[in-house]
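Survey of secondary and tertiary structure
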Amino acid sequence: MIKKISVSDLQPGMHIHSIVDVVSSDPLLRGNRLVHSSSEVRHIQSHGVKELFIDTDKGDDTRSGPSFAEISATLQDQIRELAGGDAVAKEAPPPQTETELHRIGAEIEEASQLVHEASLMVGEIMKDARMGRNIDARPISEPIRQMKEMIERSPDAMIALALLRKSDDETLRHSLNVGILLMLFTRSLGMNSTVVEQAGTAGFLHDIGKIRIPDSLLNKKGKLNPGELSVIRQHVKHALQLLDGTPGLTPLMTTIIKQHHERIDGSGYPHGLSGSNIHKLGQMVGIVDVYDAITSKRSYRGPIESHIALREIMRWAGTLFTQSLCEQFIRCIGIYPVGSLLELRNGTFALVIQNNRSALLHPVIKTIKTPAGNTADDTPGQMIDLNMFRDQPGYSIVNHRFVHDINIDILEEMPSGTLLSTP
Ligand SMILES: [Fe+2]
């Protein structure tokens, strides 16, 4: 079980799952490791860590600290409150059919092709910028339009792609993800097609200024000193210079790019804007940007699970970002995004294949082999609508990980399977 604890409760023998709030290449501050001695504990405590997550299946437990289930329940309470009380949470979505569930596999394949095409185009734009050639944003409008239509048909397929895509070029991968997630976010708020499409383009281009930052600095594993931090922060100014006069760029896109690091408490950059001086889309791109940064693999740590990233975003609600936007983002992504890996109390491992939008803690899943290769209660390939099994303790979720942890091809797993009938 993953448990959040205060650093003062850390003891030798515990297995650190992840440390979210410290960026460092220090091997003792990395996640996924066992704490061997009291001196390691003191070392971690002296490096500014306030809270961390431990894995009680791999190391010692502590009596204090909320469990994974409690964190999820708190998150669900917050979502339920905003969504209008218990009525929404109790409202059961219609039972899924096998045909509906098989569709998601085909949709992920189609979405994958669209994202691949967009990736080539955005890659070309970045190459032009690096070579000092003029940039033209107009060619990406067609894949953006097709992706917007895909989001309307199957938001889950696009979320899965944004969370599972891998690339050697981190700036390109992050830029595409921010574009996709921002389109999903704007669409979930009912914004019109023109805004959704502009949000996508701006998301694709928001970090283009990083091409002028030395790779050695962008990939630096250790803590950045104030001088290095200020060089990296110049990427917003570089982006605006590179994109000045670019055909296809609108004032809204420029605002999104300009404000993606501004925060409502005035702590952001480059202008330290606060409150309503930051455009709604400027805040939304900020939320998406940090969500993708937390859930992405880094050279000094593995990817951090979506529910932990969402919990961090809720922690910043009201200080860095407007609370209602944070809550809407969680509803948009879902607590267990499609493609993530769950472990059930009965020992079953399963992939999330669809979110129940009115019951975010009870997605539709497909069982897979356990990492050890043996099967648990449910045979692999079984699709289960957890909302229909919510009263059965064996079907409660006890762990949540990203699929990178195990060696399976999600595109192969998604399209098939039989639906488990309700109890
Ligand atoms: Fe940025």
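Sequence order as written defines the numbering, with residues in each chain counted from 1. Reporting of local features is limited, given that this is a predicted model, to residues whose pLDDT is at least 70; pairs of side-chain atoms are given and counted only at 80 or more, and all residues count toward the totals for whole chains, interfaces and linings.

Section: the overall build of the chain
What counts, and what does not: Helix and strand labels come from DSSP, where a helix needs a run of H or I of at least four residues and a strand needs a run of E of at least two; each type is numbered from the N terminus. With C-beta atoms placed from the backbone, a residue is labelled by how many other C-beta atoms lie within 10 Å of its own: buried for 20 or more, exposed for 12 or fewer, partly exposed between the two. Two residues qualify as a contact pair if the distance between their C-beta atoms, derived from the backbone, is within 7 Å.
The secondary structure content of the chain amounts to 16 helices and 10 strands. A buried classification covers 40% of the 423 residues belonging to the chain. Expressed as a percentage of contacts within the chain between residues at least 6 apart in sequence, the contacts between residues at least 24 apart total 71%.

Overview of the sheet that holds strand β4 (residues 51-55)
The cut-off we apply is this: Pairs of strands are assigned from DSSP output, requiring at least two bridges between the strands.
Taken in spatial order, the 4 strands make up an open sheet running β1-β4-β2-β3, and their pairing is antiparallel. If you trace the sheet from one side to the other, it starts and ends with β1 (2-6) and β3 (33-34), each paired once. Pairing of strand β2 (residues 15-18) with β4, which is carried by 2 bridges, proceeds in the antiparallel orientation. Across the sheet, residue Ser-18 finds its bridge partner in β4, namely Phe-53.

So, helix α5 (residues 141-153)
Every α-helical turn comprises 3.6 residues, leaving residues that sit three or four positions apart pointing alike. Convention followed: What a helix is expected to span follows from its residue count: subtract one and scale by 1.5 Å. In this description, one arc is meant: the one made by directions from the helix axis to the C-beta atoms.
Across its 13 residues, α5 extends 19 Å between first and last C-alpha, which sits within 8% of the 18 Å expected from 1.5 Å per residue. Regarding α5, the residues found buried are Pro-143, Ile-144, Met-147, Lys-148, Met-150 and Ile-151. With its buried residues spanning 160 degrees around the axis, α5 presents them on a single face. Away from its buried face, by an angle of more than 90 degrees, α5 presents the exposed residues Glu-142, Glu-149, Glu-152 and Arg-153.

Quick word on the packing of helix α12 (residues 251-258) against helix α13 (residues 280-295)
Basically, it comes down to this: Angles run from 0 to 180 degrees between N-to-C directions of axes, and those axes are lines fitted to C-alpha atoms, restricted for helices to the stretch in contact. For classification purposes, angles smaller than 35 degrees are called roughly parallel, those larger than 145 roughly antiparallel, those between 65 and 115 roughly perpendicular, and all remaining angles oblique. Should the near helix be turned anticlockwise from the far one by less than a right angle, the crossing is termed left-handed; should it be turned clockwise, right-handed.
Packing of α12 against α13 leaves a shortest axis separation of 8 Å and a crossing angle of 45 degrees. Viewed along their axes, α12 and α13 adopt a mutual orientation that is oblique. Both α12 and α13 take part in a crossing whose hand is right-handed. In contact with Leu-252, Thr-255 and Ile-256 of α12, α13 contributes Leu-281, Gly-282 and Val-285.

Here we look at the nonpolar core
The cut-off we apply is this: Here, a nonpolar core means buried Ala, Val, Leu, Ile, Met, Phe, Trp, Tyr and Cys residues linked by C-beta atoms lying within 7 Å of one another.
Counting residues in hydrophobic clusters, the biggest one holds 97 residues, and the most contacted among them are Met-158, Leu-161, Ile-180, Leu-181, Leu-182, Leu-184 and Val-288. No other element matches the 9 residues that helix α4 (residues 98-130) contributes to this core. Ignoring anything within four residues of it in the chain, the contact list for Ile-180 reads Val-115, Met-147, Met-158, Leu-161 and Ala-162.

A closer look at helix α11 (residues 235-243)
Among all positions in α11, only His-235, Val-236, Ala-239, Leu-242 and Leu-243 are buried. When α11 is viewed along its axis, its buried side chains cluster within an angular range of 125 degrees and face the same direction. One or two steps after α11, the chain reaches Gly-245, where phi turns positive at roughly 80 degrees.

Here we look at the packing of helix α14 (residues 306-316) against helix α15 (residues 323-333)
To be explicit about the condition: All amino acids are sorted into three groups, where Ala, Val, Leu, Ile, Met, Phe, Trp, Tyr, Cys and Pro are nonpolar, Asp, Glu, Lys and Arg are charged, and the leftover types, Gly among them, are polar.
Relative to each other, α14 and α15 sit at 165 degrees, their axes nearing to 9 Å. Regarding the angle of α14 to α15, the classification is roughly antiparallel. Regarding α14 and α15, the two cross each other, and that crossing is left-handed. Contact residues: α14 offers Ser-306, Leu-310, Ile-313 and Met-314, while α15 offers Cys-326, Phe-329, Ile-330 and Ile-333. Broken down by class, the residue content of the contact of α14 with α15 amounts to 7 nonpolar, 1 polar and no charged.

Details of the environment of Pro-270
Along the chain, Pro-270 falls in the loop between α12 and α13. For Pro-270 and Lys-237, which are 33 residues apart along the polypeptide, the C-alpha to C-alpha distance reads 7.9 Å. With residues near it in sequence (within four places) discarded, Pro-270 still touches Arg-233, Val-236 and Lys-237.

Here we look at the environment of Leu-29
On the secondary structure map, Leu-29 appears in the loop between β2 and β3. With 21 C-beta atoms packed within 10 Å, Leu-29 lands in the buried category. Taking the C-alpha atoms as reference, Leu-29 lies 8.4 Å from His-47; in sequence the two are 18 residues apart.

Bear in mind that shape data such as this cannot, by itself, settle questions of function.
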